[in-house]
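Chain and residue survey
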Amino acid sequence: MTILGTAFGMVFYLLQVVSGESGYAQNGDLEDAELDDYYSFSCYSQLEVNRSHHSLTCTFDDPDINSTNLELEICGALLEINCLNFTKLQEVYYIKTKKFLLIGDSEICVKLGEKSITCKKMNIVKIVKPEAPFNISVVYREGANDFVVTFNTSHLQKKYVKNLMHDVAYRQEKVENNWMHVNLSSTKLTLLQRKLQDDAMYEIKVRSIPYSSDYFEGFWSEWSPSYHFRTPETKRAEETDPVLLTISISSFFSVAVLVILACVLWKRRIKPIVWPSLPDHKKTLEQLCKKPRKNLNVSFNPESFLDCQIHKVDGIQSQDEMEGFLQEAFPPQPEESEKQRLGGGVQDPNGSPEHTVITPETFRRESPLECLAGNGSACDATILPCPRSPESDENGPHVYQGLLLNPGTTNNILPPLFPLQSGILTLNPIAQGQPILTSLGPSPEEAYVTMSSFYQNQ
Amino acid sequence: TFSDVLLFVLSDFFRKIFILQLAGLVLTYNFTDCDFEKIKQKYQKTIYNDLKEYMNGAKSTQFNSTVSCNNKSDCLAEIERLTFSAPRGCAPLAREAFALRTRATFALQCPGYSRTQTNNTQAAKKTKEREITTKKCLEQVSQLLGLWGRFCRTLWKR
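- Chain B carries the name Thymic stromal lymphopoietin in an unreviewed UniProt entry, which gives Microcebus murinus as its organism.

- Going by what an unreviewed UniProt entry lists, chain A is known as Interleukin-7 receptor subunit alpha and is assigned to Microcebus murinus.
- According to the UniProt record, the Subcellular location (unreviewed entry) comment for chain A reads "Membrane".
- Here is the UniProt Sequence similarities (unreviewed entry) comment for chain A, exactly as written: "Belongs to the type I cytokine receptor family. Type 4 subfamily."

Structural data, given as structure tokens:
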């Protein structure tokens, strides 16, 4: 049994070896090579060319070959069958079938009768030739100044060969063989108008090839039918809107005139308004005072006030204290010395007080602040500075307690400037022997000067 | 004698059993050395379309996924088992286009995968009408789609 089994095993082994792939025909190498060159052929496949059917087309490279008795057969990489025979149509051999495995290599042999003359290994998925694109259209977009090129391909609905690279070629019809090429993977292309000649006729066409990095590879498809279109005439100068042109020119000139005027009138008119110069307050005051009265001596020179009694004011005391003090300060007959003690020209209207007190309230009441607050009657009086000219006593305005009165105030009963109130202002009883302000009457009011009084008297 | 005859028969019997066991071990292929990227590419470009066409619009989500795999070689082993097995209620799927392409893919991309299996399945058979696609068959194909998807995802993780 062992010997029998061994014998059978050897027989089967030899059978397998013999029925395996041949490749040891060393003697026929040259003949095979010559035959391969003579019967050289090329094939391409088209998948799902007719719904789910694929096609395989082969032709001999030598057009002069006598292919009368020659047949082509494909074996391997087929579904459910081993081999298929080609159908011959004139000089072209083709197969239409669904039985391509699409995996692995097939062998296509040239047969003369039952004898295979030459064979070639081919992979169906590596010799794919796509179908030609179709329905090219070119649409001009006036607003965008470009041309939108669109086309269609049947591979968009296929299962296998879906990814294609498209080659769009266009040229001006007058110029021969000057094709411009654009590669794209989509079915839409935009051509800029500025890259094309104006008012010219153009021809455009498209072809496809399987994407190189895809599983399927192959050759370029046939060109699509050409499409012809004409580029518009660009009237760029003439198409300019005249209204727009007029407006732009007038605007330019207006701006130019404004710039010139600004430069010319800058120093005289514009700059004083934009950046007015601040006047010197002393000079302004002198100007204000100079204008209304030529014979009015106004000066801030301290030497002009040598004949005036000027007393320094120290502080303010409480009311009770000062009320008592005032009672003592204002006896019926004021003395000269007491008057000298009055600093700032404060006097009691009833007599010459020993010590005159000015209350802040009264001071405030009669102060220019009340004038600013709108108390008109209180603002009617204005203090006249010392010295006064004799002429002003007679012909000039009336003076009341050293105050220059407006004409309207002479008929009014003028209250004392500083009646006795709380919050008393103490005076510095210095400079004895110095005359009291002669401009002040027997009342304890104190004269004061305000800029507003000067301004009012204008 | 009788004992000699009995001994001869039993030895022959056990020998066949031994040979069958060896054949079983040989037929269980180890997919470790396969070119997984090319297998994945062939699946995406050809086998997937066949599986979807077989499902004929039926959604794979309506079936429960009962089979899974852990790694690339394990997934291929499961795919082979499901593709060429014949569960009860469903005729063998080995004659379908996706099965033939699966076997051809394994033969090309897995060194040592049996070529004889490819030849046998591609041999002309007396075709009988394709059996009506049952729900069992759809379920099995749905499982195959899941396994192939799992296989592709394991390659993304690399």
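A look at the overall build of chain A
- Along the backbone of chain A there are eleven helices and 20 strands.
- Here chain A, with 458 residues, has 35% of them falling under the buried criterion.
- The contacts of chain A with a sequence gap of at least 6 include a subset with a gap of at least 24, amounting to 64%.
- Within the structure as shown, chain A displays about 28800 Å² of accessible surface, and the carbon and sulfur contribution to it stands at 54%.

Quick look at the confidence of the model for chain B
Residues and elements named next belong to chain B.
- For chain B, per-residue confidence averages 80 on the pLDDT scale, and residues scoring 70 or more make up 78% of the total.
- Element-level mean pLDDT values for chain B span from 46 in helix α5 (residues 115-122) up to 94 in helix α4 (residues 97-109).
- Scored below 50 in pLDDT, residues 118-131 shows 17 contacts in the model against residues more than four places distant or in partner chains.
- Taken over the whole predicted complex, pTM reads 0.55, whereas the ipTM for its chain interfaces reads 0.74.

Observations concerning the interface of chain A and chain B
- Contacts between chain A and chain B engage 17 residues on the former and 18 residues on the latter.
- With both chains or domains summed, chain A and chain B bury close to 1600 Å², and 58% of this area falls on carbon and sulfur atoms.
- Three residues stand out in chain A for area buried against chain B, namely E80(A), I103(A) and Y215(A), and they jointly supply 37% of the buried area on that side.
- Between E53(B) and K159(A) there is a salt bridge; the shortest N-O distance is 2.7 Å.
- If you look at where chain A meets chain B, you find six residue pairs in polar contact (both at pLDDT 80 or more).

The rules behind each value
- Residues numbered from 1 in each chain as written.
- Chains lettered and ligands numbered in written order.
- Predicted model: local features only at pLDDT ≥ 70, side-chain atom pairs only at ≥ 80, totals over all residues.
- Heavy atoms only, no water.
- UniProt positions renumbered as here; feature names shortened; annotations may be inferred.
- Helix = DSSP H or I, 4+ residues; strand = E, 2+ residues; numbered from the N terminus.
- Buried < 20%, exposed > 50% of the residue type's maximum accessible area, 1.4 Å probe, protein only.
- Contact = heavy atoms within 4.5 Å.
- Areas by Shrake-Rupley, 256 points an atom, 1.4 Å probe, with all protein chains shown as cover.
- pLDDT = per-residue confidence, 0-100.
- Buried area = accessible area lost by both parts, 1.4 Å probe.
- Salt bridge = Lys/Arg side-chain N within 4 Å of Asp/Glu carboxyl O.
- Polar contact = N/O pair within 3.5 Å; in protein donor to acceptor, adjacent residues only side chain to side chain.

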